Amino acid sequence: MNASVSFCLAFLFSSIVLQAQVSNNNISSLIKLELHAPPFASHTQHNTVEWNCINKKLTEKCLVYHNDQWFSFSPKDDKTVYLNVGKQVCKNKYGVQVLVLRGNPCEKLSYELIHCESFTNQSDTFIALKNLNVNETYLINIDGFLGDLCSFEIAISDKPEGLPIASKIKYVNTQVKIENHQGIVEIRWSLPELLQDSVASFEIVRMKTGDKRPTEIKRVSALGNAAGTYQSQYVVNDSLPEFGRYQYKIYAVSPEENQFWLLADEQFYYKDEREFIPLIISNVFKDKDHVTLTIYDETSGKLLKYNNCVRCIEKKFIINATSWLQQDSYRFKVIIANQDSGLVKEELWIYDSHSGSFSRSQQKK
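Residues numbered from 1 in each chain as written. Predicted model: local features only at pLDDT ≥ 70, side-chain atom pairs only at ≥ 80, totals over all residues. Heavy atoms only, no water.

Peer 1: Where do I start with the side chain of Thr44 in this structure?
Peer 2: As for its placement among the helices and strands, Thr44 is situated in the loop between strand 2 (40-43) and helix 2 (56-59). Residue Thr44 is classed as buried on the basis of its relative accessible area, which comes to 0%. Here Asp148 takes part through its backbone oxygen, which lies 3.0 Å from a polar atom of the side chain of Thr44. Not counting residues up to four positions away in its chain, the partners in contact with Thr44 are Asn67, Gln69, Asp143, Gly144, Asp148, Leu149, Cys150 and Phe152. (Helix = DSSP H or I, 4+ residues; strand = E, 2+ residues; numbered from the N terminus. Buried < 20%, exposed > 50% of the residue type's maximum accessible area, 1.4 Å probe, protein only. Polar contact = N/O pair within 3.5 Å; in protein donor to acceptor, adjacent residues only side chain to side chain. Contact = heavy atoms within 4.5 Å.)

Peer 1: Hey, could you run me through the pattern of salt bridges in this one?
Peer 2: Close approach of charged atoms allows side chains with opposite charge to pair. Tallied over the full model, the rule gives 11 salt bridges. Ionic pairing is found between Arg102 and Glu112, a salt bridge with its closest N-O pair at 2.9 Å. Note that Arg102 is positioned in strand 5 (residues 96-102) and Glu112 in strand 6 (residues 112-118), a separation of 10 residues in sequence. The salt bridge involving Arg331 is made with Glu298; its shortest N-O contact spans 3.0 Å. Note that Arg331 is positioned in strand 23 (residues 331-338) and Glu298 in the loop between strand 20 (289-297) and strand 21 (303-312), a separation of 33 residues in sequence. We classify Glu298 as partly exposed; its relative accessible area is 34%. (Salt bridge = Lys/Arg side-chain N within 4 Å of Asp/Glu carboxyl O.)

Peer 1: Where do I start with the environment of Glu314 in this structure?
Peer 2: By secondary structure assignment, the location of Glu314 is in the loop between strand 21 and strand 22 (316-320). Taking the relative accessible area as the measure of exposure, Glu314 reaches 41% and is therefore partly exposed.

Peer 1: Explain the state of the cysteines here, please?
Peer 2: Linking two cysteines covalently via their sulfur atoms produces the bond known as a disulfide. Per the counting criterion, the structure on display carries 4 disulfides. Residue Cys62 pairs covalently with Cys116 via a disulfide, S to S 1.9 Å. Between Cys62 and Cys116, the S-S dihedral sits near 90 degrees, and the bridge is therefore right-handed. Placement of Cys62 in the loop between helix 2 and strand 3 (69-73) and of Cys116 in strand 6 is noted, with a sequence separation of 54 residues between them. Of the residues examined, Cys62 reaches a relative accessible area of 28% and is grouped as partly exposed. A disulfide bridge connects Cys90 with Cys150, and the sulfur atoms are separated by 2.1 Å. For the disulfide bridge between Cys90 and Cys150, the dihedral angle about the S-S bond is near 115 degrees, and by the sign convention the bridge is right-handed. One end of the pair, Cys90, is in strand 4 (residues 81-90); the other, Cys150, is in strand 9 (residues 150-157), with 60 residues separating them in the sequence. Of the two residues, Cys90 and Cys150, both sit in the buried class. (Disulfide = S-S within 2.5 Å.)

Peer 1: Help me understand the sheet that holds strand 13 (residues 184-190) in this model?
Peer 2: Strand pairs in the sheet, formed through backbone hydrogen bonds, run parallel or antiparallel to each other. With respect to topology, 3 strands assemble into an open sheet ordered 12-13-16, the strand pairing being antiparallel. If you trace the sheet from one side to the other, it starts and ends with strand 12 (176-181) and strand 16 (233-239), each paired once. Taken over all neighbouring pairs, the strand axes of this sheet differ in orientation by 15 degrees on average, direction set aside. As paired strands, strand 12 and strand 13 are joined by 6 bridges and run antiparallel to one another. By the bridge assignment, Glu179 is partnered in strand 13 with Glu186. (Pairing = 2+ DSSP bridges. Axes fitted to C-alpha atoms, helices over the stretch in contact; angles between N-to-C directions.)

Peer 1: Sorry if this is basic, but what is going on with the side chain of Glu347 here?
Peer 2: Within the secondary structure, Glu347 is located in strand 24 (residues 344-352). For Glu347, a relative accessible area of 4% corresponds to the buried category.

Peer 1: Would you take a moment to explain the pairing of strand 8 (residues 138-144) for this structure?
Peer 2: Two faces make up the sheet, and in a regular strand the side chains alternate between them. Burial analysis of strand 8 places 7 of its 7 residues in the buried class, the great majority of the element. Of the two faces of strand 8, both are covered, the one formed by Tyr138, Ile140, Ile142 and Gly144 as well as the one formed by Leu139, Asn141 and Asp143. Here strand 3 pairs with strand 8 via 5 bridges, running antiparallel. For Trp70, the partnering residue across the bridge sits in strand 8 and is Asn141.

Peer 1: Help me out: how do you make sense of the sheet that holds strand 6 in this one?
Peer 2: If you trace the 5 strands from one edge of the open sheet to the other, you get 1-3-8-5-6, paired in mixed fashion. Edge strands, defined here as strands with exactly one partner in the open sheet, are strand 1 (31-33) and strand 6. On average, each strand axis in the sheet is inclined to that of its neighbour by 25 degrees, with strand direction left out of account. Strand direction decides the pairing type here: strand 5 and strand 8, joined by 7 bridges, are antiparallel.

Read these as layout, nothing more, since geometry by itself doesn't imply function.
Set out below in structure tokens:
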């Protein structure tokens, strides 16, 4: 690793570590959120728990406190509002947990639990808050799940952002078909008949094994006509960035975006279908000579293959190059050496991805 890269990594790490404790670490300095205000950016690093303001018994079944902070909100009418949490970036990739209370700050016995949720991932998500009392102050506590160190944004809005929490998603199965053509994925599904009058759009998300946050592929409108009949079949295409195991989820979304139905949860493994791509090297030496074959990545100089053939009777060396090609190696330096005579032949082989074959571009003696 060169000095400039090391410096950049050190700077990024130090900037994370050196983030100061947030101003609303204590409930006496809570930050008031306003409806439609821009999202407030915060983080959980270096935060401490103000235990004398925590009612552990009230929340012990849903969360454990580690590094919390406080917000508040006072509704101006009785309409449903949404607590949106987005742009989570967490060290351990767990996410944050959210607690909504009715009561007076730091008066533990006055607390009434409105909502308690551990997200357990870094998805953009929301909590619907219904039947709130007008002009009453509600307390919001944000904490890193399992003590995770997270940056995030929080906002109060009359529109939800992201996907709902898992406990608020209903399941309605439908017919779905996923076909993969060398990384180009076609997804087909049907609109369930029982949802025809309830759905305004579909949201398709993808997650690769190892990721903690899904990728939104597309939002598709549910199409209807003047007679009130809805299109029943839908299709979208996706392009996969790399090999691996993937999961697709298809959600049906209500017109107000306050209700989601999970229609499909499908997994498949995308692998290189080329199981054996041969690199064929001729042995130009006599039978039963002592021959060594060495292959390098011509670009990086990395040793890929060494074959020591004593009393060699092989006329051709057939090498499976699939794994090398999957790692974006396409130029190979091949050295065939006769250990008895000392004669060495060096060849450069290049793989053409369009033709799917190797060619020898030059030969040295």
